[in-house]
Amino acid sequence: MKQFVQEICDKVVSLDPLIRFAGIADEDGKLVATAQRKGLKPILTPEERAQYAITAATRQFTRLRWEYLLGKIDYASSHYEKLVRATIPIADENSRLYYVMLLSFDVKAGNKVHNIIMKKIIPLVRKNTSKFMK
């Protein structure tokens, strides 16, 4: 599984030059794999990324709770001064969370983030969802 999730992270980072980072955390928020754009100077330390992963997984549980009323969540994003962050839940048809994909984009990506996620990243995740569930 470790090799599979690492390959997914590597693939995601290669999908668009505006993608800075891709990581996958398990349902407990433990980072399983990460990849970043070549030559990138990270803003967060590895410890800060680990803490972020835990809080992101917790937030995904909260969001999934409301799917039965609001519909399936594709992703959530936050636009910061220095970058744009997004999370994609990887869950089964019953909204049981298996993994959370963590993403960061250059701040100049701005409104392009939605299209990158919906047209490039989510199709890759959905194509491989059954592999994540193993």
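Please refer to the structure placed before this passage.
Chains are numbered independently. Their residues run from 1 in the order of the written sequence. With pLDDT at 70 or above as the cut-off, local features in this predicted model cover only qualifying residues; side-chain atom pairs require 80 or more to be listed or tallied, and sums for whole chains, interfaces and linings still use all residues. With hydrogens and water set aside, each side-chain value is computed from the structure's full complement of heavy atoms.

## Describing unusual backbone geometry
- Its identity as a non-glycine residue notwithstanding, S95 has a phi of 65°, on the positive side.
- Starting at the N terminus, helices and strands are each numbered in turn, a helix being any DSSP run of H or I of at least four residues and a strand any DSSP run of E of at least two. Secondary-structure assignment places S95 in the loop between β4 (83-91) and β5 (97-106).

## Points about a nonpolar patch on the surface
- A contiguous nonpolar surface patch, about 540 Å² in accessible area, is contributed by W66, Y68, L69 and L70.
- Topologically, L70 is positioned in helix α3 (residues 67-70). Only residues whose relative accessible area exceeds 30% and that form no salt bridge enter a patch; like-charged residues are grouped when within 9 Å of one another, and nonpolar side chains (Val, Leu, Ile, Met, Phe, Trp, Tyr) when within 5 Å. Note on areas: Shrake-Rupley, 1.4 Å probe, and residue coverage restricted to the protein chains presented here. Criterion for a salt bridge: a side-chain nitrogen of Lys or Arg within 4 Å of a carboxyl oxygen of Asp or Glu.

## Topic: the pairing of β4
- β4 sits mainly inside the fold: 9 of its 9 residues count as buried.
- For two strands to be treated as a pair, DSSP must find no fewer than two bridges joining them. In textbook terms, the turn of a hairpin is the stretch between consecutive antiparallel strands, and for strand β3 (residues 76-79) and β4 this stretch comprises 3 residues.
- The turn joining β4 and β5, which pair antiparallel and follow one another in sequence, is formed by 5 residues; a positive phi near 65° is taken by S95. Each residue is placed in one exposure class: buried if its accessible area under a 1.4 Å probe, protein chains only, is under 20% of its type's maximum, exposed if it is over 50%, and partly exposed if it falls in between.

## Details of the sheet that holds strand β2 (residues 31-36)
- In space, the 5 strands of this open sheet follow the order β2-β1-β5-β4-β3, with antiparallel pairing throughout. Edge strands, defined here as strands with exactly one partner in the open sheet, are β2 and β3. The sheet shows a mean angle of 15° between the axes of neighbouring strands, direction not considered.
- Here strand β1 (residues 19-26) runs beside β5; their pairing, made up of 7 bridges, is antiparallel. Across the sheet, residue A25 finds its bridge partner in β5, namely V100.
- The contact rule is simple, with two residues in contact once any of their heavy atoms fall within 4.5 Å. As a rule, the C-alpha atoms of each element are fitted with a line to give its axis, helices using only the stretch in contact, and angles between N-to-C directions run from 0 to 180 degrees. Packing of helix α1 (residues 2-14) onto the sheet brings it into contact with β1, β2 and β5, and relative to β2 it is tilted by some 30°.

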